[in-house]
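# A look at the structure
What follows is the residue order along each chain.
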Amino acid sequence: ATPIIIDCDPGHDDAIAILLAYAHRDQLDIRGITTVGGNQILDKITDNTLKLLSFINADIPVAKGAAAPLLGKLVTGEAAHGESGMDGPLLPPSKFRPVEQGAVEFMLNIIRSSEEKITLVPTAPLTNIALLLTAYPEVKEKIEKISLMGGGLAYGNVTATAEFNIYVDPEAARIVFESGIPITMSGLDVTDKAAIIEEEIEALKQRGPVSVMVGELLDFYSIFGKKMGFVGSALHDPCAIAWLLHPELFTSEKLYVTVETEGKLTRGMTVADRRKKPDRPANTEVLLGVDREAFMKLLFDSLERLDQE
Ligand code: BDR
Ligand code: CA
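Procedures and definitions
- Residues numbered from 1 in each chain as written.
- Chains lettered and ligands numbered in written order.
- Predicted model: local features only at pLDDT ≥ 70, side-chain atom pairs only at ≥ 80, totals over all residues.
- Helix = DSSP H or I, 4+ residues; strand = E, 2+ residues; numbered from the N terminus.
- Rg over C-alpha atoms; globule rule 2.2 N^0.38 Å.
- Buried ≥ 20, exposed ≤ 12 C-beta atoms within 10 Å, placed from the backbone.
- Contact = placed C-beta atoms within 7 Å.
- Near = placed C-beta within 6 Å.
- Core = buried A, V, L, I, M, F, W, Y, C linked by C-beta atoms within 7 Å.
- UniProt positions renumbered as here; feature names shortened; annotations may be inferred.
- Axes fitted to C-alpha atoms, helices over the stretch in contact; angles between N-to-C directions.
- Parallel < 35°, antiparallel > 145°, perpendicular 65-115°, else oblique.
- Left-handed = near helix turned anticlockwise from the far one by under 90°.
- Pairing = 2+ DSSP bridges.
- Expected span 1.5 Å × (residues − 1).

## Examining the overall build of the chain
In terms of regular secondary structure, the chain is built from twelve helices and eleven strands. Computed over C-alpha atoms, the radius of gyration of the chain comes to 18 Å, within 12% of the 19 Å expected from 2.2 N^0.38 for 309 residues, which places it in the range of a compact globule. Here the C-alpha coordinates of the chain stretch approximately 50 × 45 × 35 Å along the principal axes. By the burial criterion, 52% of the 309 residues in the chain qualify as buried. Long-range pairs, those at least 24 residues apart, make up 83% of the contacts in the chain with a sequence separation of at least 6.

## Quick notes on the site of ligand 1
Close contacts around ligand 1 come from 15 residues, with G11, D13, G77, F164 and H236 the closest. Contributing elements (two or more residues each) for the shell around ligand 1: α1 (12–22), α6 (164–168) and α11 (236–245).

## Focus on the nonpolar core
Core analysis: the largest hydrophobic core is formed by 90 residues, its most contacted members being I18, L19, A21, V176 and C239. For this core, the leading source of residues is α1, giving eight residues. Sequence-distant contacts of L19, that is, excluding residues within four places in its chain, are made with I56, V210, V214, L303 and L306.

## Here's the deal with the environment of I18
Locating I18 in the fold gives a position in helix α1. When the C-alpha atoms of I18 and G88 are compared, they prove to be 17 Å apart, with 70 residues separating the residues in sequence. Ignoring any residue separated from it by four or fewer positions in sequence, one finds I18 in contact with I6, C8, I33 and L52.

## Quick word on the UniProt feature "domain: Inosine/uridine-preferring nucleoside hydrolase" (unreviewed entry) in the chain
In the numbering adopted here, UniProt assigns the feature "domain: Inosine/uridine-preferring nucleoside hydrolase" (unreviewed entry) to residues 4–297. Between the end C-alpha atoms of residues 4–297 there is a gap of 23 Å, over a span that is 37% helix and 19% strand.

## Focus on the packing of helix α4 (residues 103–113) against helix α5 (residues 127–135)
One can describe the packing of α4 onto α5 by two numbers: an axis separation of 9 Å at closest approach and a directional angle of 60°. The angle between α4 and α5 places the two elements in the oblique class. As for the relative orientation of α4 and α5, their crossing is right-handed in sense. In contact with A103, V104, M107 and L108 of α4, α5 contributes N128, L131, L132 and A135.

## Here's the deal with unusual backbone geometry
Omega for the bond connecting P10 with G11 falls within 30 degrees of zero, at -5°, which places this linkage in the cis form. Counting through the fold element by element, G11 comes out in the loop between β1 (2–8) and α1.

## Here's the deal with the pairing of strand β11 (residues 284–290)
Summarising burial for β11: five of the seven residues are buried, a large majority. Strand direction decides the pairing type here: strand β9 (residues 250–259) and β11, joined by six bridges, are antiparallel. Paired with F250 across the two strands is V290, which belongs to β11.

## Let's talk about α1
In an α-helix, one full turn covers 3.6 residues, which means residues spaced three or four apart are oriented alike. α1 sits mainly inside the fold: eleven of its eleven residues count as buried. Every buried residue of α1 is accounted for by H12, D13, D14, A15, I16, A17, I18, L19, L20, A21 and Y22.

## Focus on helix α10 (residues 209–227)
Under the 1.5 Å per step criterion, the end-to-end length of α10 is 28 Å for 19 residues, consistent within 8% with the ideal 27 Å. Residues of α10 that are buried in the fold lie against α1, α2 (42–55), β7 (195–196), α9 (198–204), β8 (233–234) and α12 (292–307). Remark: G229 follows α10 within two positions and exhibits a positive phi of approximately 90°.

## Remarks on the environment of D307
Along the chain, the position of D307 falls in helix α12. On the basis of neighbour count, D307 is assigned to the partly exposed category, with 16 C-beta atoms found within 10 Å. Along the chain, D307 and P209 lie 98 residues apart, while their C-alpha atoms are 5.8 Å from each other. When sequence neighbours within four positions are dropped, the list of residues in contact with D307 reads R207, G208, P209, V210 and S211.

## A short note on the pairing of β9
Where β9 lies against strand β10 (residues 270–273), four bridges are found, and the strand directions are antiparallel. Its bridge partner lying in β10, Y256 is registered against D273.

Here you go:
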């Protein structure tokens, strides 16, 4: 199985990404989960992570990371994810606690002590990853790749040009994109196409306990989507996991991508060089399309596996 670390801010779609990975333990070995301030403040999203893991009885170590971006104050996603950061289902209190170590030391230990290279899966602002790569640049050699959710070539969702995970910490995102580690970017170009529609959410709620819980998550999450004019609810973060499991479901382009940190209209924008002869070699596989039906089948089947455990 591919050893991975998920760096996240649950978050409705983060929670679904974790479930998707956990349902495929034969393929993905989740060595740890790290949390970062994003959709909500750090304590809330860490608590959400632990509650989710308790709910499925998954004793995966969780380490708390950065509460705020490298510069400035945290902007949360409360409008989309609610007061708890994961509003909707009523999950019982967690029986697990976070590890003592902070996220950076925790990731460092996993990476250093692993025989195989580790794949990082960030589905949140990139603060923890940037701190790791800056403090311990030698770990780059032992990181296989980074499959992240963030950015978008065509448009943003916080501003006209910036997607939330990049918008919250553009300096961190720039460090990660310019790190030299191969990146696969699930940005809005693809994640908005991985949208679940109302009938599918209703169908989930007729199934087993994990599917029902996900249906309740999506009931809440789709309220914001509708407000924003979307027909379905975009399953952003699960794309970063689904690509690891089934890359053939996606279409992509290999491009040089970095992050604008200064522009008045474009701070937090992922900028791709799409010229025929770009200045720099490609550093990112940008996912652009997805077979939506196959993606939904993967999700439904994966949740069913967890329902039966
Ligand atoms: C991203 O922002 C968060 O609200 C979601 O969890 C996802 O990671 C989408 O822009
Ligand atoms: Ca997220």
